[in-house]
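Below, each chain spelled out in residue letters.
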2 protein chains.
Amino acid sequence: MKIKIPQNTLSKNISIVQKGISSKTTLPILNGILVEAYDNKLKLTGTDLELGIETQLDCEVIEEGKTVISSKIFGDIIRKLPNYDINLEVDTSHNIHITCGHSEFNILGHPAEEYPELPKINEESSFEIPKDLLKNMIKQTVFATAQDETRPILTGALLEVKDNSAALVALDGYRLALKNSSIPYDNNIKVVIPGKTLSEVSRILDDEENNVKIMFTSSHILFNLGDTIINSRLLEGQFLNYKDIIRNEYKSKVIVKTSDIKESIERASLLAREGRNNLVKFDIKDDKMIITSNSEIGNVHEDVDIELEGDDIVIAFNSKYVLDGLKAIDSDEVIMNFISNVNPCIIKPKDDENYTYLVLPVRLAEVN
Amino acid sequence: MKIKIPQNTLSKNISIVQKGISSKTTLPILNGILVEAYDNKLKLTGTDLELGIETQLDCEVIEEGKTVISSKIFGDIIRKLPNYDINLEVDTSHNIHITCGHSEFNILGHPAEEYPELPKINEESSFEIPKDLLKNMIKQTVFATAQDETRPILTGALLEVKDNSAALVALDGYRLALKNSSIPYDNNIKVVIPGKTLSEVSRILDDEENNVKIMFTSSHILFNLGDTIINSRLLEGQFLNYKDIIRNEYKSKVIVKTSDIKESIERASLLAREGRNNLVKFDIKDDKMIITSNSEIGNVHEDVDIELEGDDIVIAFNSKYVLDGLKAIDSDEVIMNFISNVNPCIIKPKDDENYTYLVLPVRLAEVN
C-alpha cells in the first residue's frame, strides 16, 4: 500500500474515526484504525464493536492495500506534521513508513486481516432528515438517558417514527425528555439507540444543511452523513410507554423567563449541592415563585417574577434535573405545568409544542 | 459590618485573593477570606501562611467591621449573582446576609479574631520594576524550579540584584534558566523566592504599564501592585553558584529557526515519550541537525536546516527539558552552543543576550 494525501484532510478524518474507538477495549486490534486504500479512495474505520465509524476520502493511491495502525500514535503523528502532502507506505511486514516535509516516521502496523468485519447493513427501511434537525433532537434528549446500567434499555433513547412524524425520547426514572419533529416518511419504526451512539453522531454532525440518511435493520442502525458512516447496535428490549407518563392536564400553569428561573436555580443549587439530593423548593403564589434551599452552611431565597394561572403550589425538586431541562431549551420563556406536589412537572418552551421535559418532584417531609 | 459594592468589582477581587488560599490547609480558618470594611475601603485577604494576598478596593461602608467567609462558597455565590450592587451585612453572631437583585443568601461566617495576622513587612530595602518585565522574567524561569522537595532551596528561584541589574535564576539539576534585566537600583539583594509565589504573582500581574514595588526583609518579600499586595516567605539556605555552571566557550555553535527545531523535537518526542527518559538524539553535521528517536513502537527521523560554526557533534537530551527552554523563547532564531556530548548545551535567543537556558545531555550508551 502506498498513498499521498494532504495532512489536514487526513488529520481531520482520523479525528472522526477516533470517536468510534474505545480506550477500554479488550481486543488489542481495536485500538487501531483500519486503513484501506483502493480506487483512489482512502477509507478509515474505527470501532468498539458496539459503534463503528467509517470515513472515505479522495486520495492519490499509488499502490492499493490495507493495514491497521495504532490509533493514538497515528493521530498524534499526523496532527503534529506540517500541512504538506503526506506519503504513507506499508510493506509486506506491516512496517509503516510516513514522510512529510523534513519528517520521517517508521512505526509497526498490524495485518488488516485481524480486524473484525463491521456488520453489513442491508437496507430494510430508511429515511432522510436534515443534519441540524437531527443534531438538535439529540441535544435536547440524550442527556436524560440513564447513566447506570441497572436497566440497560434506559441507557438508550427511543426513536419512534410514524405518520410523517419522528419522536426521540429519553428517560431515566427521574426525568423524561421528548422531542417531536415532522419528517416526510410514513412507515413505522420503533428502535432504541444507545445514548453513546447518539452523542457521537451529534459530535460528528457538522452544521451543513444537507440530509443524513438513517437506515435500519432489526439489530442495527446506520447514519450515512455522506463521507462518514456511523453504524451501531440497537438496544434490545421493551422501552417504557412514555405516552402514559405525560399528562396534559394541570392545576397550576406558570410562565416564566427562561434565564430568570435558570439563574435563580443555579444560585440556589450552590447551597443545595452541599446537602443531599440537590434539593430546591419552589413556593408558587400569585405572580411570584420563591425558590429556596437550605443546607448546613446556610440558606438562599430567590424571588422570580412569573405569570400564574390556577392554584398556588409548594413543590421541591432535585435542582440538577430541573436545570438540565431548562438548559436544553432555547426559547426566551418556558411554561411549567403542575398537578400536585407529588406529580411530575412538565416544562415546555413557550413557543414550541415539539419539546416536552418532565421531571419528578422530591417529596418534602414538611408537606407529606 | 454593612457594605454596598458592585458585583463585578467584588467578584474580580475575590478571584485574586483566592489564589493565596490552599485547599490543603490544616487550619480551617485559612479556608476563609478575611473581609474588612473600614474608611470606605474593603480589604480582602487570603493566605496559606507561606503566601498571602491582600486586595483593597473602594466601597460604600455603611457600618465598619470585619469577618471571615468560606472562600469557596463566597466566591461561587458572588460570581453567580447578576451585575448589580451587592449588599453584605454581618451581625454580631457572624451571620452573613447577602442580597442582590432578587437574591438573598444567609451563610455563617467566622470571627475575624481567629484569622492569623499576616507578617508586617518593615521596608528594609525595595526597588521598582515594570509589571510586564517582571511577568516576563518569571515566565522565562519559573518552570525550571525543582518540583520535588528533596532539595527545598531549588523549589525557589534566586533573585540577585546589584549594579543596576537584576537576575532571576531557577535550576533543578537537569536544566537552568536565567533572565537578566537592567533596573535602576544599585544596592545588593540576594534572596530565594518560592516558585509557587512567583507563579501566583505572574498570574495576578495584568498587562498595565505601571510599576511593581518589591520590598524585602530578611525573611519575607512583598510585591506591591497598587491595589493588590502579595507577601511571601523567602526560602532559607544557600543557592547554587549558578555562574560557575554557565560556561561561554563552545566547540559547536548552531543557529536555527526556533519554530523548526521546536516542532521537530515535538514530533520526535511522540515516540520518545513511549520509551524511557524522553530521549531524543541530535546529530549535527554541516548544515543539518538530524533529530532521531526510537522506542518499541517505532522510530522517527527529523531533518532540520541549521547554520553550524565549529565541530560536528552527536548528543542526546530529554526532549521535555529542551522543549521547555525553547517554549520560553519568543525570538525567531536561537543559538545553541555545545562543548561535548557530556557537557551542557546552552540555548539563547539570537537577538537577546539577557536570556540563557542550559540543559544537561543524557549519556548515550553507543557514544560512551
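Nothing here was measured: the structure is a model prediction, and the numbers come from that model.

## Some words on the relation of the copies chain A and chain B
Screw-axis analysis of chain A against chain B gives a translation of 0.0 Å along the axis, an RMSD of 0.0 Å, and a rotation angle of 180°. Classification of the inter-copy transformation places it as that of a two-fold axis. It is Ser23(A) whose C-alpha, among those of chain A, lies nearest the rotation axis, at 16 Å.

## Re the nonpolar core
Within the largest apolar cluster, 192 residues are counted, with the highest numbers of intra-cluster contacts made by Leu42(A), Phe282(A), Met336(A), Leu42(B), Phe282(B) and Met336(B). Setting aside its immediate chain neighbours within four residues, Phe282(A) contacts Ile265(A), Met289(A), Ile290(A), Ile291(A), Ile313(A), Val314(A), Ile315(A), Phe317(A), Val322(A) and Met336(A).

## Quick word on the packing of helix 3 (residues 131-141) of chain A against helix 4 (residues 195-204) of chain A
All names here are of chain A. Running from N to C, helix 3 and helix 4 point in directions that differ by 135°, and their axes come no closer than 9 Å. One element, helix 3, and the other, helix 4, form an angle in the oblique class. Once helix 3 is placed against helix 4, the crossing between them reads as left-handed. Along its contact with helix 3, which presents Leu 134, Lys 135 and Ile 138, the element helix 4 presents Leu 198, Ser 199, Val 201 and Ser 202. Of the residues that constitute the contact of helix 3 with helix 4, the class distribution is four nonpolar, two polar and one charged.

## Examining the interface of chain A and chain B
On the side of chain B, 28 residues touch chain A, which itself brings 28 residues to the contact. Carbon and sulfur atoms supply 51% of the area buried between chain A and chain B, which totals about 2400 Å² over both sides. Of all residues in chain A, Lys80(A), His102(A) and Arg267(A) bury the most surface against chain B, accounting for 23% of the area lost on that side. Joining chain A to chain B, the criterion identifies two salt bridges.

## Examining the pattern of salt bridges
Side chains carrying opposite charge are able to pair once their charged atoms draw close together. If you walk through the whole model with that rule in mind, you get 46 salt bridges over all chains. Here Glu160(A) and Lys190(A) are joined by a salt bridge, their closest N and O atoms 3.5 Å apart. Taken together, the positions of Glu160(A) in strand 11 (residues 156-162) and Lys190(A) in strand 14 (residues 189-194) put the pair 30 residues apart, joining distant regions of the chain. Its salt-bridge partner being Lys179(B), residue Asp352(B) comes within 3.6 Å of it at the nearest N-O pair. Highlighted residues: Asp352(B) in the loop between strand 25 (345-349) and strand 26 (355-359) and Lys179(B) in strand 13 (residues 175-182), separated in sequence by 173 residues.

## A few points about the side chain of Thr55(B)
All names here are of chain B. Checked against the element boundaries, Thr 55 lands in strand 4 (residues 51-58). Here the side chain of Thr 55 touches Asn 13 through a polar contact of 3.3 Å, side chain to side chain. Those residues in contact with Thr 55 that sit more than four places away from it in its chain are Asn 13, Ile 16, Val 17, Leu 42, Lys 43, Leu 44, Asp 227 and Thr 228.

## Observations concerning the pairing of strand 1 (residues 2-6) of chain B
Residues and elements named next belong to chain B. Covered by surrounding structure in strand 1 are Ile 3 and Ile 5 only, the residues Lys 2, Lys 4 and Pro 6 on the alternate face being uncovered. By the bridge criterion, five bridges tie strand 1 to strand 7 (residues 85-90) in an arrangement that is antiparallel. Along strand 7, the bridge assignment pairs Pro 6 with Asp 85. Bridge count for strand 1 against strand 5 (residues 60-63) is three bridges, and the pairing is antiparallel. Residue pairing for strand 5: Ile 3 is matched across the bridge by Val 61.

Definitions and limits used
- Along each chain, residue indices are assigned from 1 in the same order as the chain's sequence is written.
- Chain letters and ligand numbers both follow the written order, the letters beginning at A and the numbers at 1.
- It should be noted that, the model being predicted, local features are given only for residues of pLDDT at least 70 and side-chain atom pairs only at 80 or more, the latter also being counted only at that level, while totals for whole chains, interfaces and linings use all residues.
- Side-chain descriptors were evaluated using all non-hydrogen atoms of the structure, hydrogens and water having been removed beforehand.
- Least-squares superposition of the copies uses the C-alpha atoms of those residues scoring a pLDDT of at least 70 in each of them.
- Within this scheme, the nonpolar core is defined by two criteria: the residues are buried Ala, Val, Leu, Ile, Met, Phe, Trp, Tyr or Cys, and they are joined through side-chain atoms within 4.5 Å.
- The buried label goes to any residue with under 20% of its type's maximum accessible area, the exposed label to any with over 50%, and the partly exposed label to all in between, with areas taken from a 1.4 Å probe on protein chains only.
- In this description, contact between two residues means that some pair of their heavy atoms is separated by no more than 4.5 Å.
- Where helices are involved, their axes are fitted lines through C-alpha atoms of the stretch in contact, as for all axes, and angles between N-to-C directions lie from 0 to 180°.
- Under the DSSP-based scheme used, a helix requires at least four consecutive residues in state H or I and a strand at least two consecutive residues in state E, with every element numbered from the N terminus.
- By the definition adopted for this analysis, an angle is roughly parallel if under 35 degrees, roughly antiparallel if over 145, roughly perpendicular if from 65 to 115, and oblique otherwise.
- In this scheme the crossing of two helices becomes right-handed for a clockwise turn of the near helix relative to the far one and left-handed for an anticlockwise turn of less than a right angle.
- Nonpolar residues are Ala, Val, Leu, Ile, Met, Phe, Trp, Tyr, Cys and Pro. Charged residues are Asp, Glu, Lys and Arg, and all others, Gly as well, are polar.
- Summed over both partners, the accessible area lost on bringing two parts together, with a 1.4 Å probe, is the buried area.
- A pairing counts as a salt bridge when a side-chain nitrogen of Lys or Arg comes within 4 Å of a carboxyl oxygen of Asp or Glu.
- N or O atoms within 3.5 Å of each other form a polar contact, as long as, within protein, one can give a hydrogen and the other can take it, and as long as residues adjacent in sequence are counted only when both atoms are side-chain atoms.
- For two strands to count as paired, DSSP must find a minimum of two bridges between them.

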